[in-house]
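Tertiary structure, described
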Amino acid sequence: MSEKSVVVGVDGSEHSLRALAWALSAARRLGAPLVVAHVRSEALQLGAARIESIGEALDLSDSVLDGIRSWIGERIGERPEGPGEGGDEGGDGGVSVRYESLDGAVTDALLDLARSGRLLVVGSRGRGGFASLLLGSTGRALASAAPCPVVVVPHEARTVSLESGAEAGRVLVGLHPDETPDEVLDFAFEAARQRGVALEVVTAYRLPPSPVLLIGPPAPALQVPPPLPVDEVPELVRETARRQEERLRPFTSRFPEVEVMPSVVPADAAGRLVEGSRSAGLVVVGRHRRHRMESLLMGSVAHAVLHHAHCPVAVVPPAPSR
């Protein structure tokens, strides 16, 4: 498959099956091949290595991928062919499907496969994850480091719809006029165009400081500027809207068919995106450029949205630094 694929990581859990359903729909819509990847358990990898070390012929099937083949076959009427170059392939006349059984650490193996991918799709938690966690460690690590956009599909209790067409609702994107990379806006506009839905663009403006903060500062260095007069807040909103419109102008020219819904909100862009995700089909956020501390790659907005959104979230990396 020379064309860039939609890659989906599976482990047989219900969370990964929901990610697989979303990825299959996305591959159809994009006209892209689908790669279904499973990283074998450490126990199976170790057992296989021991058997191979004594020179025994080894042909262990991947039971998880066997089950996934059946699941896809029931869903799209696929009849997989026998093994071929690069893995087993099959299709439903519209989507070419390849299965990859991988070894190594889960995150490393999927990151390596994603280097040639168009999109990486994972569930919010894998098999064995704690029920109280909204986002597993694998999903967080992949969203922080993958070279392509990563879509994290939330589990059933938190998702509105797995549909990826117009029936799923609008696309939401968070925009900081000075910081959001063009790649994020390009992804969001393209996603809205493909689905035939509106794109809501959320930009937050900084609220004036509360007068309470000005009472008795412990040191001069901690003093804050005086709050803006109330009658200056509308001007701040207008200025934020102007900067938003200016930043969007090249994209609205390139995507004239996409209906844009500008939204300017006070302070909390993450809260607006999370609340809006209840009725949206996809939320798009950006990722910071490489940083020695992984926690700083995501940014506070992306981090909050990934942990609390009710619909799939796409985390888009910036272009590599030159």
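Structural notes, computed from the coordinates. Keep in mind it's a predicted model, so treat the numbers as computed, not measured. All chains use their own residue numbering, which begins from 1 and follows the written sequence. Local features in this predicted model are restricted to residues of pLDDT 70 or higher, and side-chain atom pairs are both shown and tallied only at a pLDDT of 80 or more, whereas totals for entire chains, interfaces and linings draw on every residue. Processing note: side-chain calculations cover all non-hydrogen atoms of the structure and skip hydrogens and water entirely.

Things to note about the packing of helix α6 (residues 182–195) against helix α7 (residues 233–254)
Orientation is described by axes fitted as lines to C-alpha atoms, over the contacting stretch for helices, and by angles from 0 to 180 degrees between their N-to-C directions. Secondary structure elements follow DSSP: runs of H or I no shorter than four residues count as helices, runs of E no shorter than two count as strands, and numbering proceeds from the N terminus. Look at α6 against α7: their axes get within 11 Å of each other, and the N-to-C directions meet at 35°. In the packing of α6 onto α7, the handedness of the crossing is right-handed. Contacts between α6 and α7 involve Asp-182, Leu-185, Asp-186 and Phe-189 from the former and Arg-247, Leu-248, Phe-251, Thr-252 and Arg-254 from the latter. Polar here means any residue outside two lists: the nonpolar Ala, Val, Leu, Ile, Met, Phe, Trp, Tyr, Cys and Pro, and the charged Asp, Glu, Lys and Arg; Gly therefore counts as polar. Considering only residue class, the contact of α6 with α7 consists of four nonpolar, one polar and four charged. By definition, any crossing whose near helix is turned counterclockwise from its far helix by less than a right angle is left-handed, and any crossing with a clockwise turn is right-handed. When checking whether two residues touch, look at their non-hydrogen atoms; a contact exists if any pair is within 4.5 Å.

With respect to the pattern of salt bridges
Once their charged atoms are close, side chains differing in charge can pair, the charge on each being opposite to the other. Salt bridge, as used here: a side-chain nitrogen of Lys or Arg that lies within 4 Å of a carboxyl oxygen of Asp or Glu. Per the stated rule, a full pass over the model turns up 15 salt bridges. Arg-40 is the partner of Asp-103 in a salt bridge, and the nearest nitrogen-oxygen pair spans 2.8 Å. Note that Asp-103 is positioned in the loop between β5 (96–102) and α4 (106–114) and Arg-40 in the loop between β2 (34–39) and α2 (42–53), a separation of 63 residues in sequence. For every residue, the accessible area (1.4 Å probe, protein chains only) is compared with the maximum for its type, and the residue is labelled buried under 20%, exposed over 50%, or partly exposed between those bounds. Among the residues examined, Asp-103 registers a relative accessible area of 43% and is labelled partly exposed. Two residues, Arg-242 and Glu-239, come together in a salt bridge whose shortest N-O distance is 2.7 Å. Residue Arg-242 and its partner Glu-239 are both found in helix α7; the two are separated by three residues, about one turn of the helix. Judged by relative accessible area, which is 40%, Arg-242 ranks as partly exposed. The partly exposed category is assigned to Glu-239, whose relative accessible area is 30%. Within the structure, one salt-bridge network assembled from shared partners comprises Arg-170, Glu-200 and Arg-272.

Focus: the pairing of strand β8 (residues 171–174)
Neither face of β8 is open: one carries Val-171 and Val-173, the other Leu-172 and Gly-174, and all of them are buried. Relative to strand β9 (residues 199–205), β8 runs parallel, the two sharing four bridges. Paired with Val-173 across the bridge in β9 is Val-201. Regarding topology, α6 serves as the crossover connection from β8 to the parallel β9, and that connection is right-handed. Strands are treated as partners if at least two bridges between them are detected by DSSP. A clockwise course of the path from the first strand over the helix to the second, judged with the strands pointing away from the viewer, identifies a crossover as right-handed.

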